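Analysis of the macromolecular model
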Amino acid sequence: GMGGGRTQARRGRDISTEIQISFSESVFGSSRKVLITKTSNCSVCNGSGAKPGTKMETCKYCNGQGKIREAKRTILGTISSTKTCEECLGSGEVPREKCEICKGRGILRREEEISINLPAGIRDGEMIRMSGKGEAVTKGTAGDLYIKVNVAAHSVFKREGNDLAMNLDLKLSDALLGTEYPIQTLDGEIQVKIPEGVSINEILRVKGKGIPFSKNKRGDLLIKLKIKLPGRLSRKSREIIEQLKKEGI
C-alpha cells in the first residue's frame, strides 16, 4: 500500500531577533533579557487548552483515535484515507472546559521575557540558537529563537583571534630611554614596562589579558608601539639633537 500513515509532528515557526552588546560584554560574557511578542504557550493552562482544575475528555469526533478515516468515491471505486482529526489535532482528547484565556487553543500571542546568556568571547555577527523559544503551536513543539549578536566597536581595542590589540604612542625619548606606562585594559589599569631602545612597530605582549577561550585560558594583550616623532622643534631641542647627530644617533 501507500507509505506509513505517520502524521508529521506539528512545529511552530522559528523567529529571529538582534541584540547590540558592548565590546567588553563580548569579551567577558553577559546576560541579557529581551521582550519578544510572539505566540507562546498559554501561561494559565500551560498549553493544554483546558480550564485549570478541569479534566480532559475523549474527542468525540475521532473517538480518541486522533485520526479520521475518509472515504472518497472516485471512478476507480472508493478510496479511503486517514487524516489528522481537526478537533483534537491528533491528540485524541479535548478539554471538558476550555481555558478562558486562550479559548482552548493552548497558545496565545503575548509578550514574553527571554533571558539570554552570552558566552565570553562571543564574536560580532554570531548567532545564538535557543531551541523551543520560537513560536508555539497548539499540540506541537515550539520553534527556535535565533539571536544575532552585534558587538559595538571599541575606541582602543581590536580583536585578533583570541588576542586583544591596541596601539600605544610613545615619545621619541621614551622609546630611546625606556619607561613605564599606565594602560587602561578591560580588566583595569596595568603598568607596562617599555624597554629602552624599542623599535618602531615593536609589539609588547601582556600574557592573559586577552579574550577568554576555554575554562581558564585567555589570549594576550598586544601593545603595538608607535613612535611619535616631534613635528616642530624648539631651538633648545634642536641644539640637543644636533649634539646627538654628532654622536652618530
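Provided above is the structure to which this section pertains.
These figures come from a predicted structure and were not determined experimentally. (Residues numbered from 1 in each chain as written. Predicted model: local features only at pLDDT ≥ 70, side-chain atom pairs only at ≥ 80, totals over all residues. Heavy atoms only, no water.)

1. Looking at the sheet that holds strand β10 (residues 158–160)
Strands in a sheet are paired, the pairing made by backbone hydrogen bonds, and the direction either parallel or antiparallel. Definition in use: A pair of strands is treated as paired once DSSP finds two or more bridges between them. Starting at the N terminus, helices and strands are each numbered in turn, a helix being any DSSP run of H or I of at least four residues and a strand any DSSP run of E of at least two. Here an axis means a line fitted to C-alpha atoms, over the contact stretch when the element is a helix, while the angle between two N-to-C directions is reported on a 0 to 180 degree scale.
Spatial ordering of the open sheet is given by β10-β11-β17-β14, a layout of four strands whose pairing is mixed. A single partner strand is all that each edge strand has here, and the edge strands are β10 and β14 (203–206). On average, adjacent strands in this sheet sit at an angle of 35° to one another, irrespective of strand direction. Strand direction decides the pairing type here: strand β11 (residues 163–171) and strand β17 (residues 221–228), joined by eight bridges, are parallel. Within β17, the position partnered with Met 166 by the bridge is Ile 223.

2. Quick look at the side chain of Asp 163
The line we're drawing: Each polar contact in these results corresponds to two N or O atoms within 3.5 Å; when the atoms are within protein, one needs to be able to donate a hydrogen and the other to accept it, and residues that are neighboring in sequence are counted only if both atoms are side-chain atoms. Note on contacts: a residue pair is in contact if any heavy atoms of the two residues lie within 4.5 Å.
Structurally, the position occupied by Asp 163 is in strand β11. Here Asp 220 takes part through its backbone nitrogen, which lies 2.8 Å from a polar atom of the side chain of Asp 163. Non-local contacts of Asp 163, meaning those with residues more than four positions away in its chain, are made with Lys 158, Arg 205, Ile 211, Gly 219, Asp 220 and Leu 222.

3. Here we look at the nonpolar core
Let me state the cut-off plainly: Buried Ala, Val, Leu, Ile, Met, Phe, Trp, Tyr and Cys residues that are joined via side-chain atoms within 4.5 Å together make up what is termed a nonpolar core. Residue exposure (1.4 Å probe, protein chains only): buried if accessible area is under 20% of the type maximum, exposed if over 50%, otherwise partly exposed.
Ile 116, Ile 194 and Ile 223 are the most contacted members of the largest nonpolar core, which totals 36 residues. Not counting residues up to four positions away in its chain, the partners in contact with Ile 194 are Leu 168, Leu 170, Gly 178, Thr 179, Tyr 181, Leu 204 and Leu 225.

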